[in-house]
Amino acid sequence: LFIFSLIIASIFALTAKSTIKRHPYPWYIGALVLTLFISLFPFSRNLPEAVTFLLDLFRRGAFHAHSGVLHGTGAFSNGSWLIKRLMPVRGELSIFAAMLTLGHNIGYGRTYFVRFFTNASALPANQFAACIITIILLIIMILLTILSFPKIRKRMKAKKWKQIQRFAYLFYALLYLHIMLLFIPLAKDGKDGYYFSVIIYTAIFLGYAIC
């Protein structure tokens, strides 16, 4: 899911950059409508495999890949091919990605946040910790998203704005921890695909940290 959505996110970022820069709000509204639909769509094992895969691209957080493309771009050298193409539209794409990411939080929050706030002691330790990290991630994401709107950004001093935006690094460190808290126990239990997922996510996040 992540690899496939990373490809889609890369293609989208490079092909839609001009349109979303000129007319961002229709894209934001579309992302919110899609997020609402996906997050409220009932979980079911009776759906066709292709439909389940499409839903999971959004619902399982795989479209974090959008943010991964954007922040990964920042690790490249100034003047590079990707920097020239994506930096001018990085703010708009970040807002779009954040709105898509809410679909994951709402979809799974209907189950895990309800348990966390009503019967937290019944949650396994890894899920309890993951819920706390998710709340921190949401706070950071919402803050950085609000500050990405041009009208708000222009009212801030550039140095202060950049200092706050560095919370994105904390966001990705916590995101990796969140994923590992959920995936490593499943990998140990032999759940199909999770051992491979742990390796892939570790390679991607480690590569980003090095860059």
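About the criteria used
- Residues numbered from 1 in each chain as written.
- Predicted model: local features only at pLDDT ≥ 70, side-chain atom pairs only at ≥ 80, totals over all residues.
- Heavy atoms only, no water.
- Helix = DSSP H or I, 4+ residues; strand = E, 2+ residues; numbered from the N terminus.
- Rg over C-alpha atoms; globule rule 2.2 N^0.38 Å.
- Buried < 20%, exposed > 50% of the residue type's maximum accessible area, 1.4 Å probe, protein only.
- Contact = heavy atoms within 4.5 Å.
- Areas by Shrake-Rupley, 256 points an atom, 1.4 Å probe, with all protein chains shown as cover.
- Lys, Arg positive; Asp, Glu negative; His and termini not counted.
- Charge placed at Lys NZ, Arg CZ, Asp CG, Glu CD.
- Core = buried A, V, L, I, M, F, W, Y, C linked by side-chain atoms within 4.5 Å.
- Phe/Tyr/Trp six-rings, centres within 6.5 Å; stacked < 30°, edge-to-face > 60°.
- Lys NZ or Arg CZ within 6 Å of the ring centre and 35° of its normal.
- Axes fitted to C-alpha atoms, helices over the stretch in contact; angles between N-to-C directions.
- Parallel < 35°, antiparallel > 145°, perpendicular 65-115°, else oblique.
- Left-handed = near helix turned anticlockwise from the far one by under 90°.
- Nonpolar A, V, L, I, M, F, W, Y, C, P; charged D, E, K, R; others polar.
- Expected span 1.5 Å × (residues − 1).
- Arc of directions from axis to C-beta.

Colleague: Which residues make up the overall build of the protein chain, and what values go with them?
Modeller: Along the protein chain, the regular secondary structure elements total 12 helices and 0 strands. Since a compact globule built from 211 residues should have a radius of gyration of about 17 Å, the 18 Å found for the protein chain is in line with a globular shape. Every one of the 211 residues in the protein chain was classed for burial, and the buried ones make up 39%. Counting only contacts in the protein chain whose residues sit at least 6 apart along the sequence, the fraction spanning at least 24 positions is 67%. Carbon and sulfur atoms make up 68% of the accessible area of the protein chain, which amounts to about 12600 Å² in all. Put simply, the protein chain has 22 plus and 5 minus side-chain charges, and the middle of one group is 21 Å from the middle of the other.

Colleague: Quick one: what's the story with the nonpolar core, residue by residue and with numbers?
Modeller: Formed by 25 residues in total, the largest nonpolar core has its most connected members in Leu137, Phe171, Leu175, Ile179, Phe183, Tyr201 and Phe205. For this core, the secondary structure elements donating two or more residues are α7 (90-119), α8 (125-147), α10 (158-165), α11 (167-188) and α12 (194-210). Ranked by the residues each element gives to this core, the list is headed by α11, at 9 residues. What isoleucine 179 contacts, discounting residues up to four positions off in sequence, is Tyr201 and Phe205.

Colleague: Hey, could you go over helix α4 (residues 49-59) for me, with residue numbers and the actual values?
Modeller: Buried within α4 are the following residues: Leu55, Asp56, Leu57, Phe58 and Arg59. Elements that come into contact with the buried residues of α4 comprise α1 (2-15), α3 (24-40) and α7.

Colleague: So what's going on with the environment of leucine 174? Which residues, and what values?
Modeller: One can find leucine 174 in helix α11. Its relative accessible area of 15% is what places leucine 174 among the buried residues. When neighbours within four sequence positions are excluded, leucine 174 is seen to be in contact with Ile133, Ile136, Leu137 and Ile140.

Colleague: Give me the environment of serine 5: which residues, what numbers.
Modeller: Relative to the helices and strands, serine 5 is located in helix α1. As for serine 5 and leucine 82, which are separated by 77 residues in sequence, their C-alpha atoms are 18 Å apart.

Colleague: Summarise the packing of aromatic side chains; cite the residues concerned and give the values.
Modeller: According to the stated counting rule, one finds 18 aromatic pairs in the structure shown. Geometrically, the ring pair formed by phenylalanine 12 and tryptophan 27 is edge-to-face, given 5.3 Å between the ring centres and 70° between the ring planes. Of this pair, phenylalanine 12 sits in helix α1 while tryptophan 27 is found in helix α3, placing the two residues 15 residues apart along the sequence. Every member of this aromatic cluster is reached through a ring pair, and the members are Phe171, Tyr172, Tyr176, Phe183, Tyr194, Tyr201, Phe205 and Tyr208. One cation-aromatic arrangement involves arginine 153 over tryptophan 161; the distance from NZ or CZ to the ring centre is 3.8 Å.

Colleague: Describe in detail the environment of leucine 102, supporting the description with residues and values.
Modeller: Within the fold, leucine 102 resides in helix α7. Relative accessible area serves as the criterion here: at 26%, leucine 102 is assigned to the partly exposed category. Between the C-alpha atom of leucine 102 and that of phenylalanine 58, which follows or precedes it by 44 residues, the distance is 9.2 Å. Leave out the neighbours within four places in its chain, and leucine 102 touches Thr35, Leu138 and Met141.

Colleague: Run through the packing of α7 against α8, naming residues and quoting values.
Modeller: For the pair α7 and α8, the least separation of the axes is 11 Å and the interaxial angle reads 150°. One way to sum up the angle between α7 and α8 is to call them roughly antiparallel. With respect to the hand of their crossing, α7 and α8 are arranged in left-handed fashion. Judged by residue contacts, Ile95, Ala98, Thr101, Leu102, Asn105, Tyr112, Phe113, Phe116 and Phe117 of α7 engage Gln127, Phe128, Cys131, Ile132, Thr134, Ile135, Leu138, Met141 and Thr145 from α8. Here the contact of α7 with α8 is built from residues that sort into 13 nonpolar, 5 polar and no charged.

Colleague: Now, about the side chain of threonine 145: what can you tell me, with residues and values included?
Modeller: Checked against the element boundaries, threonine 145 lands in helix α8. When residues no more than four places from it in sequence are discounted, the contact partners of threonine 145 are Ile95 and Ala98.

Colleague: Help me get a handle on α3, residues and values and all.
Modeller: With 17 residues, α3 extends 25 Å between its outermost C-alpha atoms, agreeing within 8% with the 24 Å of an ideal straight helix rising 1.5 Å per residue. When we look at burial in α3, the residues that qualify are Pro24, Tyr28, Ala31, Thr35, Ile38 and Ser39. In a view along the axis of α3, the buried residues occupy a sector of 100°, so they form one face of it. In α3, the exposed residues that point more than 90 degrees away from the buried face are Pro26, Ile29, Val33 and Leu36. The secondary structure elements touched by the buried residues of α3 are α2 (17-22), α4 and α7.

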